[in-house]
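So you can see what is in the structure, the chains are spelled out below.
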Amino acid sequence: MEAYTGFAQVYDTFMNNVPYHQWADYLESLLQEYGVAQGLLLELGCGTGTMAEEMAARGYDMIGVDSSEDMLSEALEKKWDSGHEILYLCQDMRSFELYGTVAAAYCVCDSLNYLTTREDLVQMFRLVNNYLDPGGIFVFDCNTAAEYRSPLRQAPIVETQEGDTMIWENLWDEVSRENEHRLTLFLQEEDGRYRKEEEIHIQRAWEPPQIREALRESGLEFVAEYEAFTRREPDAGSCRIYFIARENGK
């Protein structure tokens, strides 16, 4: 089952509790702290374009990359409504291609956790290093094992929004360090009947030392890591960590 197909059309509905505006404030503060107050930004795993829209509203020029055509269809609708000049590319973050370099790149909302092998992680980092301006900045977040292990995360979720119902189940594997998200959707059609959609999403928890080593191997320079939405050093209980890396030569 392919991820982000049927879920794409109701993704924003069921994610309406996510404080994207505040997350974008934090991302902007990091970019400005490391010298990127304007210019061209690349978002990897842009999904339905909510963060890209937020950053475009802050004056950045935007490129969004995502491998799901269905998610990008939703992003294009937002672009037409907002009028923001955002270039969307349907590409895999492990093999994306750009026409030139960017001032900074970011990959947030745990998109990086979808990379489940070290080879994929290093390859994505190498591409980012290749497409950053000299000294350019890469900001990304990553869910940790503490997040996936949490009882709240492991408890099944049943939610109904605007006539559609989502059942979300999680299975954490301590050995593989992978979490399997099982989604069952009942989507209401115009005639009142329901269509059932099922998806499986696999995410891997990466430890900070693994991230730092992959950055080193890719050519990127590790700069800092923070507990999400703070400037505090992460600890064993941190559920989401933000990393900052810098272009370090091609």
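For the structure, check the block above.
Residues numbered from 1 in each chain as written. Predicted model: local features only at pLDDT ≥ 70, side-chain atom pairs only at ≥ 80, totals over all residues. Heavy atoms only, no water.

Trainee: Could you give me a rundown of the packing of aromatic side chains, with the residues and numbers involved?
Mentor: The relative placement of two aromatic rings is captured by the distance of their centres and the angle of their planes. Applying the stated criterion across every chain yields a total of 13 aromatic pairs. Ring centres 5.3 Å apart and planes at 40° place the aromatic pair Phe 125 and Phe 140 in the tilted group. Pair noted here: Phe 125 is in helix α5 (residues 118–131) and Phe 140 is in strand β5 (residues 132–143), with a separation of 15 residues, a long-range link. The same class applies to Phe 125 as to Phe 140, namely buried. Ring pairing ties together the aromatic residues Tyr 20, Trp 23, Tyr 26, Phe 229 and Tyr 242, which thus form one cluster. A cation over a ring is seen here: Arg 212 above Phe 222, with NZ or CZ 5.9 Å from the ring centre. (Phe/Tyr/Trp six-rings, centres within 6.5 Å; stacked < 30°, edge-to-face > 60°. Helix = DSSP H or I, 4+ residues; strand = E, 2+ residues; numbered from the N terminus. Buried < 20%, exposed > 50% of the residue type's maximum accessible area, 1.4 Å probe, protein only. Lys NZ or Arg CZ within 6 Å of the ring centre and 35° of its normal.)

Trainee: Please provide a residue-by-residue account of the environment of Thr 50, values included.
Mentor: Mapped onto the secondary structure, Thr 50 falls in helix α3 (residues 50–57). Apart from the residues lying within four places of it in its own chain, the contact partners of Thr 50 are Asp 12, Tyr 20 and Lys 78. Within polar-contact distance, the side chain of Thr 50 engages the side chain of Lys 78 at 2.6 Å. (Contact = heavy atoms within 4.5 Å. Polar contact = N/O pair within 3.5 Å; in protein donor to acceptor, adjacent residues only side chain to side chain.)

Trainee: Before we move on, could you go through unusual backbone geometry and cite the residues and values that matter?
Mentor: The backbone of Glu 162 shows a phi angle near 50°, a positive value even though the residue is not glycine. Among the secondary structure elements, Glu 162 is positioned in the loop between β6 (157–161) and β7 (164–173). Since its relative accessible area comes to 69%, Glu 162 is described here as exposed. Although it is not a glycine, Phe 229 adopts a positive phi angle of roughly 70°. Summarising the element assignment, Phe 229 is placed in the loop between β10 (221–227) and β11 (240–246). Take Phe 229: its relative accessible area is 34%, and that puts it in the partly exposed class.

Trainee: Go over the pairing of β5, please, and point to the residues and values.
Mentor: Across a regular strand the side chains alternate sides, sitting on one face of the sheet and then on the other. Counted residue by residue, β5 has nine buried out of twelve residues, so it is predominantly covered. Where strand β4 (residues 102–107) meets β5, five bridges bridge the pair, whose relative direction is parallel. Bridge pairing in β5 places Ala 104 opposite Ile 137. In this region the chain leaves β4, passes through α5 and returns to the parallel neighbour β5; the handedness of that crossover is right-handed. With seven bridges connecting them, β5 and β11 associate as antiparallel partners. Paired with Asn 143 across the strands is Arg 240, a residue of β11. (Pairing = 2+ DSSP bridges. Right-handed = clockwise from strand over helix to strand, strands pointing away.)

Trainee: Report on the nonpolar core, specifying residues and quantitative values.
Mentor: It is characteristic of soluble globular proteins that their nonpolar side chains tend to be buried jointly. Formed by 45 residues in total, the largest nonpolar core has its most connected members in Phe 7, Leu 31, Leu 41, Met 55, Met 62, Tyr 106 and Val 139. When residues of this core are assigned to their parent elements, the largest contribution, seven residues, is made by helix α2 (residues 20–33). Ignoring sequence-local partners within four residues, the contact set of Leu 31 consists of Val 36, Leu 41, Met 55, Tyr 60, Ala 104 and Val 139. (Core = buried A, V, L, I, M, F, W, Y, C linked by side-chain atoms within 4.5 Å.)

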